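# Remarks on the overall topology
What follows is each chain in one-letter form.
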Amino acid sequence: AVVSTQSTGMMEGEDLNTKTRDIQTLRVTKELQVFLFAENNQQRMQKEIQTLEKTIKLNENMHKRKVSDKKRILDRLNALIREKESECGVLDAELKELAVSLVERQQIQEACVADLTPAANQRMKDIVARRKLVDLAKSQSQEVAVLRAEVERLRMKTFPALVQNN
């Protein structure tokens, strides 16, 4: 029993030493000072609770407002998506109609080309050849005009015209 009493006394002493060291190293903040020296901690705590409750309500209201704004934006975007999908449907239908029209025109053109008689085919070739010759003649006449201007410029450079002063 003596040994257990001594060990209990030593443990109490160590506990006291630890508590003393903890108290000495404790940093005293403003909050701790207010808590220790305030006469009515209950009122202070009540004010803090009220402030936190107001903050929570304000945050809840802001959250509700933001959620409703996002829902409104989402509704607008969904409406825009539906509008674009309907436009795509109209364009798809128009594309199909144009494709059918194109095929019909190609068939008509092939039928016309196939129906051409040899004389008409020869006449078509003559028209194409004549058009090529006319284009060639135009380009050559332009080249001749450029070359004439160059010859005139060089002649004037070699034999300058004497300007008479009266």
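Parameters at a glance
- Residues numbered from 1 in each chain as written.
- Predicted model: local features only at pLDDT ≥ 70, side-chain atom pairs only at ≥ 80, totals over all residues.
- Heavy atoms only, no water.
- Helix = DSSP H or I, 4+ residues; strand = E, 2+ residues; numbered from the N terminus.
- Areas by Shrake-Rupley, 256 points an atom, 1.4 Å probe, with all protein chains shown as cover.
- Patch = residues over 30% accessible without salt bridge, like charges linked within 9 Å, V, L, I, M, F, W, Y side chains within 5 Å.
- Salt bridge = Lys/Arg side-chain N within 4 Å of Asp/Glu carboxyl O.
- Buried < 20%, exposed > 50% of the residue type's maximum accessible area, 1.4 Å probe, protein only.
- pLDDT = per-residue confidence, 0-100.

## Looking at the overall build of the protein
Scanning the protein from terminus to terminus reveals 4 helices and 0 strands. Overall, the protein shows an N-to-C arrangement of helices and strands of α-α-α-α. A total accessible area of about 16,300 Å² is found for the protein, and carbon and sulfur atoms account for 59% of it.

## Concerning a nonpolar patch on the surface
On the surface, Phe35, Leu36 and Phe37 cluster together into a nonpolar patch covering about 370 Å² of accessible area. Along the chain, the position of Phe35 falls in helix H2 (residues 30–37).

## Overview of the pattern of salt bridges
Scanning the entire structure with this criterion turns up 4 salt bridges. For the salt bridge of Glu150 with Arg153, the shortest nitrogen-to-oxygen distance reads 2.6 Å. Within this pair, Glu150 and its partner Arg153 are both found in helix H4 (residues 118–158), separated by 3 residues, close to a single helical turn. Accessibility expressed as a relative area gives 34% for Glu150, which makes it partly exposed.

## Re the confidence of the model for the protein
Looking at the protein as a whole, its pLDDT mean stands at 85, while 89% of the residues score no less than 70. Considering each helix and strand of the protein separately, the mean pLDDT is smallest for H2, with a value of 74, and largest for helix H3 (residues 41–115), with 91.

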